[in-house]
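The primary structure of each chain is shown beneath.
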Amino acid sequence: MQNAQEKLTEYFQKLMVFSENTGKTPEDSILLAGAMMAVSRVLFYDHLSEKEAGKLFDQGGIDLIELIKPTIH
């Protein structure tokens, strides 16, 4: 039985392979990332309370900003 971290790692790897095989241009990659974010929002709100989903989605946005902040000039 896989724990949550192992499942998350597996899902991440599968999504990365999917993105590498799907995106033909940088624009495609950005659009795919946006679509993934939209799906995550739908899933959060479908399976968590509104408060939990909002907090998780907000934290994910903060994490994303922190990740890309060093690349913004």
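In case you missed it, the structure is sitting above this.
Residues numbered from 1 in each chain as written. Predicted model: local features only at pLDDT ≥ 70, side-chain atom pairs only at ≥ 80, totals over all residues. Heavy atoms only, no water.

A look at the layout of surface pockets
When its volume is computed, the largest pocket comes out at roughly 1300 Å³. Taken together, the elements giving at least two residues each to the lining of the largest pocket come down to α1 (4-22), α2 (26-47) and α3 (50-68). Here the residues of the lining of the largest pocket are counted per class, giving 18 nonpolar, seven polar and three charged. (1 Å grid on protein atoms, 1.4 Å probe; cavity = no way out; pocket = protein on both sides within 12 Å on 5 of 7 lines; lining within 4 Å. Points joined across faces, edges and corners; volume = space filled by probe spheres on them. Helix = DSSP H or I, 4+ residues; strand = E, 2+ residues; numbered from the N terminus. Nonpolar A, V, L, I, M, F, W, Y, C, P; charged D, E, K, R; others polar.)

A few points about the environment of serine 29
Locating serine 29 in the fold gives a position in helix α2. Between the C-alpha atom of serine 29 and that of serine 19, which follows or precedes it by ten residues, the distance is 6.9 Å.

Considering the environment of leucine 15
Looking at the secondary structure, you find leucine 15 in helix α1. A residue is classified by how much of its surface remains accessible, and leucine 15, at 42% relative accessible area, is partly exposed. Considered as a pair, leucine 15 and methionine 36 are 21 residues apart in the sequence and their alpha carbons are 9.2 Å apart. (Buried < 20%, exposed > 50% of the residue type's maximum accessible area, 1.4 Å probe, protein only.)

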